[in-house]
Amino acid sequence: MFDFFKGFGVTFSTMFKKVVTEEYPEDFPPAAPRYHGRHQLNRHPDGLEKCVGCELCAWACPADAIYVEGGDNTEEARYSPGERYGAIYQINYLRCIGCGLCVEACPTRSLTMTNFYELADDNRQDLIYTKEQLMAPLLPGMEQPPHPMRLGDDEQDYYVQGPTLAKVSAQDPTKEQVR
């Protein structure tokens, strides 16, 4: 008997509240800061890629969604400060479960996850993201690889002193290489 009045009570209590409508495609609501969205391959402050093509992310992926094929850097064509770089890098978002194990496995902090969550399409082939789609955009002061190492002579300069050297070279843009 009272359940009948409880049901109408819920109906009447919500009847006069303001309706909450999300205008999703037009209004892009932000995700939570720690949300695991689309991946991003990061760059060093001079524009070189952080990925060294070690394939640890592919080995750590439980869904087998990552494919990496490493290439060798040469002095004429340098894409990363190490000996190798990720020549082919693909993530299949049909398989990716967003667990983040690939990010934890990356020794160079090349791979991170962004808050971008629009990962749906009507074509299966478009959900296999390539290296060009995953690379972080070039910021002011960065140069599109291949180019020589600008922040030092070895990997130690890039991984330990990279941000400091980038600030110094940004203050004095005439210096091509800071030591």
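As shown above, the structure is provided for reference.
As the structure is a prediction and not an experimental result, all values here were calculated from the model. (Residues numbered from 1 in each chain as written. Predicted model: local features only at pLDDT ≥ 70, side-chain atom pairs only at ≥ 80, totals over all residues. Heavy atoms only, no water.)

Mind showing me how you'd approach the nonpolar core here?
In summary, soluble globular proteins display a tendency toward joint burial of nonpolar side chains. Core analysis: the largest hydrophobic core is formed by 18 residues, its most contacted members being Cys57, Ile66, Tyr89, Leu111 and Leu134. For this core, the elements supplying multiple residues, two or more each, are helix 2 (56-60), strand 2 (66-72) and strand 3 (84-92). Setting aside anything within four residues of it in sequence, one finds Cys57 in contact with Ile66, Val68, Tyr89, Cys102, Ala105 and Leu111. (Core = buried A, V, L, I, M, F, W, Y, C linked by side-chain atoms within 4.5 Å. Buried < 20%, exposed > 50% of the residue type's maximum accessible area, 1.4 Å probe, protein only. Helix = DSSP H or I, 4+ residues; strand = E, 2+ residues; numbered from the N terminus. Contact = heavy atoms within 4.5 Å.)

When you look at the environment of Asp157 in this model, what are you seeing that I'm missing?
Residue placement: Asp157 occurs in helix 5 (residues 155-159). Residue class for Asp157 comes out buried when judged on its relative accessible area of 5%. Each C-alpha atom, one on Asp157 and one on Pro81, is 9.3 Å from the other, the two residues being 76 residues apart in sequence. Only 3.0 Å separates the side chain of Asp157 from the backbone nitrogen of Asp153, close enough to count as a polar contact. (Polar contact = N/O pair within 3.5 Å; in protein donor to acceptor, adjacent residues only side chain to side chain.)

What exactly am I supposed to notice about a negative patch on the surface here?
Together, Glu22, Glu23, Glu26 and Asp27 line one region of the surface with negative charge. Considering the arrangement of structural elements, one finds Glu23 in the loop between helix 1 (2-15) and strand 1 (39-41). Using a relative accessible area of 44% as the deciding quantity, one classes Glu23 as partly exposed. (Patch = residues over 30% accessible without salt bridge, like charges linked within 9 Å, V, L, I, M, F, W, Y side chains within 5 Å. Areas by Shrake-Rupley, 256 points an atom, 1.4 Å probe, with all protein chains shown as cover. Salt bridge = Lys/Arg side-chain N within 4 Å of Asp/Glu carboxyl O. Lys, Arg positive; Asp, Glu negative; His and termini not counted. Charge placed at Lys NZ, Arg CZ, Asp CG, Glu CD.)

What should I look at first to understand the sheet that holds strand 3 in this one?
Hydrogen bonds along the backbone pair up the strands of a sheet, which may run parallel or antiparallel. As summarised here, the arrangement of the 3 strands in space is 2-3-5, forming an open sheet in which the pairing is antiparallel. Strands at the two margins of the open sheet, each flanked by one partner only, are strand 2 and strand 5 (128-129). Bridge count between strand 2 and strand 3: 7 bridges; the pairing is antiparallel. Counterpart to Asp72 in the pairing with strand 3 is Arg84. (Pairing = 2+ DSSP bridges.)

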